[in-house]
Amino acid sequence: MITQVEIGAVLIVLANMIWWRTKYLLGKRGTKVSWLTGHLNDYPNLLRAIDSEEDPESKKQLVFQKWLMQSIWVILPVAIALIALPGLSE
């Protein structure tokens, strides 16, 4: 049986994958990205990239990534609760 701690760990990995994809998309556009630090700059840089993008398909991809980044604000607290409070399922 899968434990809630394992589910929390998977959610943390998912959140990291979303964030690293943001860094990849920004770097591909030429935005300076720090892969180990500077995480707080990624979301504002993503918003600037959306505003400056002229290609509709690229803009759609960036807007989708913005939605994914916003989902992290739900994923992380849930993951932390699942990991920190393992007695919830008892």
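Refer to the structure presented above.
Residues numbered from 1 in each chain as written. Predicted model: local features only at pLDDT ≥ 70, side-chain atom pairs only at ≥ 80, totals over all residues. Heavy atoms only, no water.

**Quick notes on the side chain of Asp42**
In step 1: Among the structural elements, Asp42 can be located in helix 2 (residues 39–52).
In step 2: Setting aside anything within four residues of it in sequence, one finds Asp42 in contact with Trp19, Thr22, Lys23, Leu26 and Val33. (Helix = DSSP H or I, 4+ residues; strand = E, 2+ residues; numbered from the N terminus. Contact = heavy atoms within 4.5 Å.)

**Topic: a nonpolar patch on the surface**
In step 1: On the surface, Trp20, Tyr24, Trp35 and Leu36 cluster together to form a nonpolar patch covering roughly 470 Å² of accessible area.
In step 2: Its place among the elements puts Trp35 in the loop between helix 1 (4–28) and helix 2.
In step 3: Looking at Trp35, the relative accessible area reads 36%, which means it is partly exposed. (Patch = residues over 30% accessible without salt bridge, like charges linked within 9 Å, V, L, I, M, F, W, Y side chains within 5 Å. Areas by Shrake-Rupley, 256 points an atom, 1.4 Å probe, with all protein chains shown as cover. Salt bridge = Lys/Arg side-chain N within 4 Å of Asp/Glu carboxyl O. Buried < 20%, exposed > 50% of the residue type's maximum accessible area, 1.4 Å probe, protein only.)

**Focus: the packing of helix 1 against helix 2**
In step 1: Running from amino to carboxyl end, helix 1 crosses helix 2 at an angle of 55°, the nearest separation of the two axes being 10 Å. Relative to helix 2, helix 1 is oriented oblique. In the packing of helix 1 onto helix 2, the handedness of the crossing is left-handed. When helix 1 is examined against helix 2, the residues Trp19, Thr22, Lys23 and Leu26 are found in contact with a partner set consisting of His39, Asp42, Asn45, Leu46 and Ala49.
In step 2: By residue class, the composition of the contact of helix 1 with helix 2 is four nonpolar, three polar and two charged. (Axes fitted to C-alpha atoms, helices over the stretch in contact; angles between N-to-C directions. Parallel < 35°, antiparallel > 145°, perpendicular 65-115°, else oblique. Left-handed = near helix turned anticlockwise from the far one by under 90°. Nonpolar A, V, L, I, M, F, W, Y, C, P; charged D, E, K, R; others polar.)

**A closer look at helix 3 (residues 56–84)**
At 3.6 residues per turn, the α-helix brings residues three or four places apart onto the same side.
In step 1: Compared with an ideal rise of 1.5 Å per residue, which puts 29 residues at 42 Å, helix 3 spans 42 Å between its outermost C-alpha atoms and is within 8% of the ideal.
In step 2: In helix 3, a bend of some 30° at Trp73 exceeds every other bend along the element, and Pro77, a proline, comes one to four places later.
In step 3: When helix 3 is considered as a whole, its buried residues turn out to be Leu62, Gln65, Leu68, Met69, Ser71, Ile72, Ile75, Ala79 and Leu82. (Expected span 1.5 Å × (residues − 1). Bend = angle between axes of the 7 residues up to and from the residue.)

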